[in-house]
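# Notes for the structure review
Spelled out, the chains give:
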Amino acid sequence: MPHPLIALLEQNPVIPALKDESQLAADAPSRVAFLLCGDICTVGRLIGQLHAQDRRAVVHADLITGLAQKEIAVDFLRRCGADGIISTRPPMIRRGRELGLLTVMRFFAIDSKAVSNLARETAVVMPDVIEVLPGAIPRVIGSLVRELPVPLIAGGLLRSKADILAALGAGAMCVSTSDVALWAL
């Protein structure tokens, strides 16, 4: 059964990826935001600000300064109010699933070997969603969508409406971008 936040991701296919606190004030129609900034002293407040805007907070656990790359960090983020986590680390994803959080496994498509191993890795970890970077590679997105058992988010290097439409046209469920000008598309 898909995680309940999947429906929110599908409702607005452009997900704000917040690289710094100032972007929290930017207007975006999406009810989900990817939080890519903060530290252990501020992450709870940032999550609270997103909740006050009626947005769900999916926190990139690997990018929160001061968090160890251990499963206990996921417990901490849940206590801070996170609705989901993003990570490149399978143990973090597993723990997020155990806690009922939306889990987004971030994957860098750096070469053909990495891409060919993704289906196997996904079957072992079973995140709710895969985020593939860079998102401006529709041919690779199309092939991954056909072979992966979970939805795909395209992120990174999306610079225009055409990039977003190409990623969505290739089969991505949605895209994530830190470019404020693209959030309202």
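In this report, we go over the structure that sits alongside the text. In this text, all values refer to a predicted model and were calculated from it rather than measured experimentally.

What follows deals with the overall build of the protein. Helix and strand counts for the protein stand at seven helices and eight strands. In terms of overall size, the protein behaves like a compact globule, its C-alpha atoms giving a radius of gyration of 15 Å where 185 residues would be expected to give roughly 16 Å. Its C-alpha atoms give the protein principal-axis dimensions of about 40 × 35 × 30 Å. Among the 185 residues that make up the protein, the fraction classed as buried is 49%. Here the contacts in the protein between residues at least 6 apart in sequence split such that 51% fall between residues at least 24 apart. Accessible surface computed for the protein: about 8,300 Å², of which carbon and sulfur atoms make up 55%. Of note, the protein has its 19 positive side-chain charges centred 3 Å away from the centre of its 18 negative side-chain charges.

What follows concerns the pattern of salt bridges. If you walk through the whole model with that rule in mind, you get eight salt bridges. Linking Asp-128 and Arg-97 is a salt bridge whose minimum nitrogen-to-oxygen distance equals 2.8 Å. Pair noted here: Asp-128 is in the loop between helix 5 (112–125) and strand 6 (129–133) and Arg-97 is in helix 4 (residues 90–98), with a separation of 31 residues, a long-range link. Each of Arg-31, Asp-54 and Arg-56 takes part in salt bridges that share partners, so that together they form one network.

Now for the layout of surface pockets. Roughly 190 Å³ of volume is contained in the largest pocket. Lining the largest pocket are 15 residues; nearest its centre among them are Lys-19, Gly-156, Leu-157, Thr-177 and Ser-178. Secondary structure elements with two or more residues in the lining of the largest pocket: strand 6 and strand 8 (174–177). Of the residues in the lining of the largest pocket, the class split is six nonpolar, five polar and four charged.

A separate point is helix 4. All buried positions along helix 4 are accounted for by Met-92, Ile-93 and Gly-96. All buried residues of helix 4 lie within an arc of 100° about the axis, which places them on one face of the element. Here the buried face of helix 4 lies against helix 3 (71–79), strand 4 (84–87), strand 5 (102–108) and helix 5. Positive phi appears at Gly-100, one or two residues downstream of helix 4, with a value of about 80°.

Moving on: the sheet that holds strand 8. Strand order in the closed barrel formed by eight strands is 1-2-3-4-5-6-7-8, and the pairing between neighbours is parallel. Averaged over all pairs of adjacent strands, the angle between their axes in this sheet comes to 25°, without regard to strand direction. When strand 7 (residues 152–155) meets strand 8, the two strands line up parallel, connected through three bridges. Its bridge partner lying in strand 8, Ala-154 is registered against Val-175. Seen against the sheet, helix 6 (residues 138–147) touches strand 6 and strand 7 and runs at an angle of roughly 165° to strand 7.

Its place among the elements puts Thr-103 in strand 5. A residue is classified by how much of its surface remains accessible, and Thr-103, at 0% relative accessible area, is buried.

For the rest of this paragraph, the subject is the pairing of strand 2 (residues 32–35). By the alternation rule, side chains of strand 2 split into Val-32 and Phe-34 and Ala-33 and Leu-35, which are all buried. Note that strand 1 (residues 14–18) and strand 2 share two bridges and pair parallel. Bridge assignment links Ala-17 to a residue of strand 2, and that residue is Phe-34. Direction of pairing for strand 2 relative to strand 3 (residues 56–60): parallel, over a ladder of four bridges. Considered in strand 3, the bridge of Leu-35 is made with Val-59. Handedness of the crossover is the feature at issue here: the chain leaves strand 2, passes through helix 2 (residues 43–52), returns alongside strand 3, and the resulting connection is right-handed.

Conventions and cut-offs
- Residues numbered from 1 in each chain as written.
- Predicted model: local features only at pLDDT ≥ 70, side-chain atom pairs only at ≥ 80, totals over all residues.
- Heavy atoms only, no water.
- Helix = DSSP H or I, 4+ residues; strand = E, 2+ residues; numbered from the N terminus.
- Rg over C-alpha atoms; globule rule 2.2 N^0.38 Å.
- Buried < 20%, exposed > 50% of the residue type's maximum accessible area, 1.4 Å probe, protein only.
- Contact = heavy atoms within 4.5 Å.
- Areas by Shrake-Rupley, 256 points an atom, 1.4 Å probe, with all protein chains shown as cover.
- Lys, Arg positive; Asp, Glu negative; His and termini not counted.
- Charge placed at Lys NZ, Arg CZ, Asp CG, Glu CD.
- Salt bridge = Lys/Arg side-chain N within 4 Å of Asp/Glu carboxyl O.
- 1 Å grid on protein atoms, 1.4 Å probe; cavity = no way out; pocket = protein on both sides within 12 Å on 5 of 7 lines; lining within 4 Å.
- Points joined across faces, edges and corners; volume = space filled by probe spheres on them.
- Nonpolar A, V, L, I, M, F, W, Y, C, P; charged D, E, K, R; others polar.
- Arc of directions from axis to C-beta.
- Pairing = 2+ DSSP bridges.
- Axes fitted to C-alpha atoms, helices over the stretch in contact; angles between N-to-C directions.
- Right-handed = clockwise from strand over helix to strand, strands pointing away.

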